[in-house]
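# Structural characterization, general
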Amino acid sequence: MLERSSEKPRQSLAGLWNISFGFFGIQIGFALQNANMSRIFQSLGSSVDDLPVLWIAAPLTGLLVQPIVGYLSDRTWLGRLGRRRPYFLAGALLASLSLLLMPLSSALLMAAILLWTLDASLNISMEPFRAFVGDMLRKDQHTAGYAVQTAFIGAGAVVGSIFPWLLDHLGISNIAGPGGIPDTVRFSFWVGGAALFVAVLWTVLTTREYSPEEQQQFGEVGVHEAPAGTNLLAARGLGVPLAWIAAGALIILAVAETGLEKEVYLLGGLLVAYGLASIVAIGSAKRGQSSMLGHIVGDFSGMPPIMKRLALVQFFSWSALFIMWINTTPVVAQRFYGTTDAASAAYQEGGNWVGVLFAVYNGVAAIAALTILPLLARQLGKARTHMICLLLGAAGYASFFLIRDPQWLVLSEVGIGIAWASILAMPYAILASNLPQAKLGIYMGLFNIFVVIPQLLVATVMGSIMKAFFPGQPIYTMAFAALVMAGAALATLAVREHVD
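Owing to the predicted nature of the structure, the values given are computational and were not obtained by experimental measurement.

All right, on to the overall build of the protein then. A tally of helices and strands in the protein yields 20 helices and zero strands. The C-alpha atoms of the protein give a radius of gyration of 22 Å, which matches the 23 Å a tight globule of 500 residues would have. Reported as C-alpha extents along the three principal axes, the dimensions of the protein are approximately 70 × 55 × 45 Å. Taken across its 500 residues, the protein has 60% of its residues classed as buried. Side-chain charges of the protein comprise 28 positive and 26 negative groups, with the mean position of each set lying 8 Å from the other.

Dropping the structure here:
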């Protein structure tokens, strides 16, 4: 009989490094995507108004992939490779191949498909990393673990964001003809793909996951012994699923009747799809059948209260972030470099400066994660720390209206960077200390739905809003970003976490 132990071994600084180093590479991939995909799309002939629909692929893949990977990784054990690491490795390989092929895109459709593949692959690697920190660390190290992870995210994003600018200053061509992609972007994607794979491989080779037997020694219930979400479904009626279907149908009808952007159909379709999935899952649960769909739908509808409150915070936070990622390049190019022509040298210069700005906010995030966040969390608690940081981010977005010299946008990025550090660390640290360990993968995957849904909402609705009220004025997207980030800060007032 296994002897039970109350706590896992305490990880050293080297252990914390190895556990999270793979995220350095993953974030290089995300940074290259976030800072350059609008630029690539426009270089291949897309207009500013079409950017949101082209970006839909990224959040949609996250919506589909993360809960599935979370569910599967909770139930995986591949001998020496372990529980989460098989997903790290598979996702890194696919993401590296996507980064290799992306700069070779010769048409918008090819670039959009590769964005879909890239984002799906990054999500396959990223989602288990969130649960991996909780798996490997005791509760009193959760804040430190997610802070180190955030520092690597920030450092990787700095490298990915600044690389095109650096290559430009090393003499690599930053201008391409119509329909072409500059060499600075091509080489950045190729080097980034190699760095991503090597970083993830480092974590795979230098860490050893706790076996199911060791998890029992730590007093953690096995995933099959944990309360199943399907038990909750069996007692439910069909009223709520039918309401989701009705809401989706109304959105689809509204698009048809009012002439909204056609991509809004996707939002309605997703609501209908979730309602139908819920009906199928409820039917299976009532018959006593267990399935992945039943577990995902059941755990989603039966989320713990603290997860529901944090979900609202995430929804607003990531709405603001996605607005920024899509629109910063056209905002900076038009407002500060006086051009909307993606083939012009001025536009490419503006695109490079956006890479520098993104590097700044990610660099600030890396530093803040190891300095400001732990200090504030000890004094104020994780939830209040998160609120303060989100308010600084809202101020950063609002400052775009006050600044006239693009160099001073660096100050805006300081506030955004502090908010970004907190978004990447505090919600996950709170959840890891308050959720059942055996189901951490599925819960982290479901929690990330509230990262994805706002991105889909922005991608489907923002274009219609801008065309209707602010045509040709992308700067007003920053006003929306500031407002929703402030809303996220207010939503943290309802979060009450346990003290480690």
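Another aspect to go through is helix 1 (residues 13-43). Helix length check: helix 1 (31 residues) gives 44 Å between terminal C-alpha atoms against 45 Å at 1.5 Å per residue, within 8%. Of all bends in helix 1, the biggest is about 50°, found at Asn36. Burial within helix 1 is extensive, with 28 of its 31 residues counted as buried. Gly45, located one to two residues past helix 1, shows a positive phi value of around 110°.

To continue, consider the packing of aromatic side chains. Applying the stated rule across the entire model yields 22 aromatic pairs. Between Phe88 and Phe132, the ring centres sit 5.1 Å apart and the planes meet at 80°, which makes this aromatic pair edge-to-face. One end of the pair, Phe88, is in helix 4 (residues 85-101); the other, Phe132, is in helix 5 (residues 108-136), and 44 residues separate them in sequence. According to the relative accessible area criterion, Phe88 is buried, its value standing at 0%. Residue classification places Phe132 among the buried residues on the basis of a relative accessible area of 0%. Geometrically, the ring pair formed by Trp318 and Trp325 is edge-to-face, given 5.7 Å between the ring centres and 65° between the ring planes.

The next point concerns the layout of surface pockets. Looking at the largest pocket, its volume works out to about 970 Å³. Forming the walls of the largest pocket are 31 residues, and the residues nearest its centre are Leu63, Leu270, Tyr274, Phe300 and Ile449. For the lining of the largest pocket, the secondary-structure elements that each account for two or more residues are helix 3 (57-74), helix 10 (239-258), helix 11 (264-286), helix 12 (292-301) and helix 19 (449-469). In terms of residue count, the dominant contributor to the lining of the largest pocket is helix 11 (eight residues). Here the residues of the lining of the largest pocket sort into 27 nonpolar, three polar and one charged.

For the protein, per-residue confidence averages 83 on the pLDDT scale, and residues scoring 70 or more make up 90% of the total. When mean pLDDT is compared element by element in the protein, helix 16 (residues 382-398) scores highest at 95, while helix 9 (residues 229-233) scores lowest at 63.

In this structure, Thr492 sits in the segment after helix 20 (477-491). On the basis of relative accessibility, which here comes to 2%, the residue Thr492 falls in the buried class. The contacts of Thr492, once residues within four sequence positions are left out, are Val313, Ala383, Arg384, His386, Met387 and Leu390.

Right, let's talk about the pattern of salt bridges for a bit. One pass over the structure, following the stated rule, counts seven salt bridges. One salt bridge connects Glu214 with Arg208, and the closest N-O pair in it is separated by 3.2 Å. A network of salt bridges, in which partner residues are shared, links Asp74, Arg83, Arg84 and Asp135.

To continue, consider the packing of helix 6 (residues 142-169) against helix 17 (residues 409-432). Viewed as axis vectors pointing N to C, helix 6 and helix 17 meet at an angle of 150°, and their least axial separation amounts to 9 Å. Compared by their axis directions, helix 6 and helix 17 come out roughly antiparallel. Considering how the two elements wind past one another, helix 6 and helix 17 form a crossing that is right-handed. Across from His142, Thr143, Tyr146, Thr150 and Ile153 in helix 6, the residues of helix 17 making contact are Trp420, Ala421, Leu424, Ala425, Tyr428, Ala429 and Ala432. In terms of residue class, the contact of helix 6 with helix 17 is made up of nine nonpolar, three polar and no charged.

So, on to the nonpolar core. By size, the foremost hydrophobic cluster in this structure holds 127 residues, and its most contacted members are Ile40, Met102, Trp325, Val332, Tyr397 and Trp420. Broken down by element, the residue count for this core peaks at 17 residues, all from helix 13 (residues 305-337). Among residues more than four places away in sequence, those in contact with Trp325 are Asn34, Ser38, Trp318, Phe358, Tyr361 and Trp420.

Here is what the cut-offs are and how they apply
- Residues numbered from 1 in each chain as written.
- Predicted model: local features only at pLDDT ≥ 70, side-chain atom pairs only at ≥ 80, totals over all residues.
- Heavy atoms only, no water.
- Helix = DSSP H or I, 4+ residues; strand = E, 2+ residues; numbered from the N terminus.
- Rg over C-alpha atoms; globule rule 2.2 N^0.38 Å.
- Buried < 20%, exposed > 50% of the residue type's maximum accessible area, 1.4 Å probe, protein only.
- Lys, Arg positive; Asp, Glu negative; His and termini not counted.
- Charge placed at Lys NZ, Arg CZ, Asp CG, Glu CD.
- Expected span 1.5 Å × (residues − 1).
- Bend = angle between axes of the 7 residues up to and from the residue.
- Phe/Tyr/Trp six-rings, centres within 6.5 Å; stacked < 30°, edge-to-face > 60°.
- 1 Å grid on protein atoms, 1.4 Å probe; cavity = no way out; pocket = protein on both sides within 12 Å on 5 of 7 lines; lining within 4 Å.
- Points joined across faces, edges and corners; volume = space filled by probe spheres on them.
- Nonpolar A, V, L, I, M, F, W, Y, C, P; charged D, E, K, R; others polar.
- pLDDT = per-residue confidence, 0-100.
- Contact = heavy atoms within 4.5 Å.
- Salt bridge = Lys/Arg side-chain N within 4 Å of Asp/Glu carboxyl O.
- Axes fitted to C-alpha atoms, helices over the stretch in contact; angles between N-to-C directions.
- Parallel < 35°, antiparallel > 145°, perpendicular 65-115°, else oblique.
- Left-handed = near helix turned anticlockwise from the far one by under 90°.
- Core = buried A, V, L, I, M, F, W, Y, C linked by side-chain atoms within 4.5 Å.

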